[in-house]
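What the coordinates show
Below, each chain spelled out in residue letters.
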Amino acid sequence: WDSDFDAKIYSVADFEPKDFMNRTKQDAFKRSELEAYLYNGCGQDSYVLLRRPNITHHIGDVYISGGQSLSEYPWKAILFGTEVRLSPEHLQHIFFRRYRTPVRKLFGDGIPLQCFHLGHNACMPDCRDEDLPCEFEDNFVHVDCFESEPT
């Protein structure tokens, strides 16, 4: 569990981190009131760190790479009105290799999940007592891979 978002902007076209950084100079990005900083990834692709000028913690990391194959990302989803592609392999990597520890469900700067507004329809499970189970009431947060059956 992490307090920022991680995104990958991959393209079939030749698209490099410097191309993304050039777009941050456009008016549309400037209106977002975000700052962007380019870093070379440690064993991964280069990434752009996004932050708001008035906070100390960044809000997200965006990994960027061109020359990708759509077949590597077979799942489709709508994110902010735009179709995006996902891969089972990437989700496996994020959930079971990169963020496999700690096992405790945390948010922010290591605060155990909990509901701050009891009765709210989107309350988090109460994970403060490590001796009790800490699970969501349904499986909406779990990743499941489905193979297409031959027709």
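Below is a short write-up of the structure. (Residues numbered from 1 in each chain as written. Predicted model: local features only at pLDDT ≥ 70, side-chain atom pairs only at ≥ 80, totals over all residues. Heavy atoms only, no water.)

Core analysis: the biggest nonpolar cluster contains 9 residues, these being Phe15, Phe20, Met21, Phe29, Ala36, Val48, Leu50, Val62 and Ile64. Elements represented by at least two residues in this core include exactly α1 (17-23), β3 (47-51) and β4 (60-65). For phenylalanine 29, the residues in contact, after removing those within four places along its chain, are Arg23, Thr24, Leu34, Ala36 and Leu50. (Core = buried A, V, L, I, M, F, W, Y, C linked by side-chain atoms within 4.5 Å. Buried < 20%, exposed > 50% of the residue type's maximum accessible area, 1.4 Å probe, protein only. Helix = DSSP H or I, 4+ residues; strand = E, 2+ residues; numbered from the N terminus. Contact = heavy atoms within 4.5 Å.)

Another point: the packing of aromatic side chains. What the rule picks out here adds up to 3 aromatic pairs. Between tyrosine 10 and tyrosine 73, the ring centres sit 5.9 Å apart and the planes meet at 85 degrees, which makes this aromatic pair edge-to-face. Of the two residues, tyrosine 10 is situated in strand β1 (residues 5-10) and tyrosine 73 in the loop between β4 and β5 (75-79); the sequence distance between them amounts to 63 residues. The exposure class assigned to tyrosine 10 is partly exposed, which follows from its relative accessible area of 22%. Residues tyrosine 39 and tyrosine 47 carry aromatic rings whose centres are separated by 5.6 Å and whose planes lie at 20 degrees to one another, so their mutual orientation is stacked. Given a relative accessible area of 39%, tyrosine 39 falls into the partly exposed group. Each residue in the set Tyr39, Tyr47 and Tyr63 is aromatic and connected to the rest through ring pairs, giving one cluster. (Phe/Tyr/Trp six-rings, centres within 6.5 Å; stacked < 30°, edge-to-face > 60°.)

Read across the sheet, 4 strands follow the order β1-β4-β3-β2 without closing on themselves; strand pairing throughout is mixed. For this open sheet the edge positions go to β1 and β2 (35-39), each flanked by a neighbour on one side alone. For this sheet the average axis-to-axis angle between neighbouring strands, irrespective of direction, equals 25 degrees. Across 6 bridges, β1 lies against β4 in parallel orientation. By the bridge assignment, alanine 7 is partnered in β4 with valine 62. (Pairing = 2+ DSSP bridges. Axes fitted to C-alpha atoms, helices over the stretch in contact; angles between N-to-C directions.)

At glutamate 33, a position not held by glycine, the phi torsion is positive, near 60 degrees. Residue placement: glutamate 33 occurs in the loop between α2 (27-31) and β2. The exposure class of glutamate 33 is exposed, given its relative accessible area of 57%.

Next up on the list: the pairing of strand β6 (residues 82-86). Where β5 meets β6, 5 bridges bridge the pair, whose relative direction is antiparallel. From the neighbouring strand, alanine 77 faces β6, where its bridge partner is valine 84. Here β5 folds back onto β6 in antiparallel fashion, the turn holding 2 residues, of which phenylalanine 80 has a positive phi close to 55 degrees.

What follows deals with the state of the cysteines. Inspection of the entire model under this criterion finds 1 disulfide. Two residues, cysteine 127 and cysteine 134, share a disulfide whose sulfurs are 1.5 Å apart. Linking cysteine 127 and cysteine 134, the disulfide has an S-S dihedral of approximately 45 degrees and is accordingly described as right-handed. For the pair formed by cysteine 127 and cysteine 134, the shared burial category is buried. (Disulfide = S-S within 2.5 Å.)

Take it as geometry only, folks, not as evidence of what the structure does.
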